Structure formats: structure tokens, C-alpha cells
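Descriptive analysis of the structure
Below are the chains, spelled out letter by letter.
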Amino acid sequence: MVNRRSFLQGSVALGAAGAFSAGAAAAVKDKGRLKLKIGVLSDIHITPRNNVGRWEQALRAFDKWGADGVIVCGDLADYGTSKELELVAKTWFKVFPGNRRSDGQPVANLLHYGDHDCSGYTYRHCKPCVEDYPDEEAMKKLIIPLNDRKAIWERCFKEEWAPIVRKNVKGYDFILSHFTKGEPTNLAGNNVPGLEEFMAKQDLDPAKPFFYSQHRVLRGTAGGTYVWGQDDGTVSKLFASKYPNCIALCGHKHLTCAEELSIWQGAFTCVAVPS
């Protein structure tokens with residue numbers, strides 16, 4: 001049986017842009033043949049005036065590294081506008097045309113919405129936001145949660161959107177949970193409606209590790225009890241009770257990866273991904 005610890009040690013390398021090193025890769029390689037490489041980021045907060053260059057730089061680093069997929073744990077568009085999401089997608093396809101690396105091999109888009117993407121109108125009164133979008137009514141037509149978040153995603157990334165999706169990368173499963181604040185069963189944005197039912201319908205082997213990503217911090221895991229931005233705890237309870245080999249990734253709190261509490265191994269594994 002492959003458990004989450006031996007899996008992380010022997011078969012996969014996780015790289016965070018700005019934090020990954022060749023030495024870290026060598027340490028993983030020494031414990032077994034690498035079967036999967038995943039680039040991991042969170043909270044990229046793209047606006048028309050900043051971060052696009054850093055986003056492209058990170059993707060090119062992952063391309064050079066040979067990443068099989070790239071996760072971004074939400075907060076793609078800083079003000080939650082479709083224009084910003086278009087910049088995210090345009091840069092993605094600039095580096096990975098047709099979802100392929102420069103060597104022609106496929107790379108999986110493992111991005112998902114965060115709270116800035118789906119409650120972006122709350123940032124309307126930030127000075128840069130007012131300067132970039134001075135017309136109130138015009139901005140409302142761009143705000144993702146005030147429009148069709150499904151259609152916007154599908155237009156930008158050329159793939160079908162659903163609140164929770166499952167993707168398989170080289171035999172490994174990834175469950176991605178889009179932030180859905182404002183939906184009737186998730187008005188506060190602190191839970192993942194339908195996750196338990198979704199998981200029950202999957203044919204996941206409970207003894208085999210899989211990845212799960214959401215934006216908000218899974219309560220009682222990475223970051224400890226003090227950290228802000230935790231969800232309501234239902235996701236943690238679900239994975240603790242049924243999925244001990246879950247490797248969860250979350251963002252939101254911008255906790256540095258140098259913080260010891262950013263990695264939690266309890267009833268399952270959770271990693272807080274830095275901004």
C-alpha cells in the first residue's frame with residue numbers, strides 16, 4: 001500500500017515558485033523515481049497594473065522544470081473582474097499554448113477560483129480599483145460573481161467549469177474546489193457545498209493518495225488554531241473520517257512556506273501554499 005508520506009517522498013515533487021530549489025528536487029529523487037511534478041502557487045492577485053510579469057515568470061520556471069500540472073489555490077483576479085481573469089488565462093496560454101509545455105508534453109491546468117475572484121466587488125473602493133475602473137456600472141458588468149462565473153471561466157480557459165472538478169494527471173487524482181461565495185448554500189463562503197456527495201460518487205481508492213485544493217484554510221490544520229480565514233471545519237471532518245491519504249492544499253492566508261506550521265500532518269495532510 002502507498003500512503004501519503006511515502007508517496008510524497010518517493011513519487012512526486014511539489015515546486016513553489018520562488019521557493020523551489022534543485023537541492024530539494026534531488027532530495028526527493030534520491031528516494032525513488034519521480035512520477036509526477038506539480039507546480040504550486042496561490043493568491044497571485046492579478047490586476048492590469050501588476051503581477052502579470054511575475055505570473056509569467058513562475059509559469060516559465062515550471063515549464064523549464066517540466067511540471068506536469070500547475071495548481072493555483074485561488075485568488076487569481078484581485079478585484080474579481082473578468083478582465084483580470086482574461087489576463088491570467090492569456091498568460092497561461094502564452095506559456096502553455098494548447099495546454100502543452102515548450103517540449104510538447106501536456107501540462108494540466110489545476111487553477112480554481114478564490115474569494116477575490118468570487119467576491120471581488122467588496123474591493124470596489126480600493127484606490128487602485130477606482131482608478132482602473134472609474135465607471136461603477138461598467139465595472140458591475142465585469143465582476144465575476146455578479147455575472148456568469150461558469151461562462152467566464154469557460155471563455156477564458158477553454159474548458160468546462162463546475163463548482164467541484166476532478167482531474168487526473170499521469171494517474172494521480174486532483175479534486176479542485178472553486179470558491180462559491182454567494183451561492184444559496186454558501187452565502188458566507190466558508191464551506192464547500194456538495195463536497196461530501198461529490199466524493200461519495202468518485203471511485204477513489206481510500207488507500208491511495210490524492211490531492212485536494214480549495215482556497216480557504218481547512219479548519220484546525222495548517223497554520224494552527226490562530227490563523228485567520230479558516231473554513232467552517234466540515235471539509236476537515238470529512239477527510240479525517242474517510243480520506244486519511246488526502247493531501248490538501250490551501251491558500252488565502254499568505255503564510256510563508258518557511259513557517260513550520262504551513263505543513264500539517266494529522267488525520268490527513270494539509271499544506272498552506274504561500275502567496
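Criteria and cut-off values
- Residues numbered from 1 in each chain as written.
- Predicted model: local features only at pLDDT ≥ 70, side-chain atom pairs only at ≥ 80, totals over all residues.
- Heavy atoms only, no water.
- pLDDT = per-residue confidence, 0-100.
- Contact = heavy atoms within 4.5 Å.
- Phe/Tyr/Trp six-rings, centres within 6.5 Å; stacked < 30°, edge-to-face > 60°.
- Helix = DSSP H or I, 4+ residues; strand = E, 2+ residues; numbered from the N terminus.
- Buried < 20%, exposed > 50% of the residue type's maximum accessible area, 1.4 Å probe, protein only.
- Arc of directions from axis to C-beta.
- Polar contact = N/O pair within 3.5 Å; in protein donor to acceptor, adjacent residues only side chain to side chain.
- Expected span 1.5 Å × (residues − 1).

A word on the confidence of the model for the protein chain. Taken residue by residue, the protein chain gives an average pLDDT of 88. The fraction at 70 or more is 89%. Low pLDDT (under 50) marks residues 18–23, which in the prediction has five contacts with non-local residues, meaning those over four places away or in another chain.

Quick look at the packing of aromatic side chains now. Within this structure, the stated rule accounts for 13 aromatic pairs. Centroid distance Y79 to Y133: 6.4 Å. Interplanar angle 90°. Geometry classified as edge-to-face. A residue pair is termed long-range when its members are at least 10 positions apart, and Y79 in the loop between β3 (69–72) and α4 (82–95) and Y133 in the loop between α6 (127–132) and α7 (136–140) qualify at 54 residues. Overall, Y133 belongs to the buried group, its relative accessible area being 9%. Taking 5.1 Å as the distance between ring centres and 65° as the angle between the ring planes, the aromatic pair formed by W264 and F268 counts as edge-to-face. Judged by relative accessible area, which is 23%, W264 ranks as partly exposed. Taken together through their ring pairs, the aromatic side chains of F210, Y212, F239, Y243, W264 and F268 make up a single cluster.

Looking now at helix α8 (residues 149–157). Burial in α8 covers these residues: R149, I152, W153, C156 and F157. Across the axial projection of α8, the buried residues extend over an arc of 100°, all falling on one side. Structurally, α8 contributes buried residues whose contacts are with α4, β4 (108–111) and α5 (115–118). Looking at where α8 begins, the residue whose side-chain oxygen comes 3.1 Å from the main-chain nitrogen of K150 is D148.

This brings us to helix α3 (residues 52–65). For α3, built from 14 residues, the straight-helix expectation of 20 Å at 1.5 Å per residue is met to within 8% by its first-to-last C-alpha distance of 20 Å. W55, E56, A58, L59, F62, D63 and W65 are the residues of α3 that are buried. Just downstream of α3 lies G66, where phi reads positive at about 85°.

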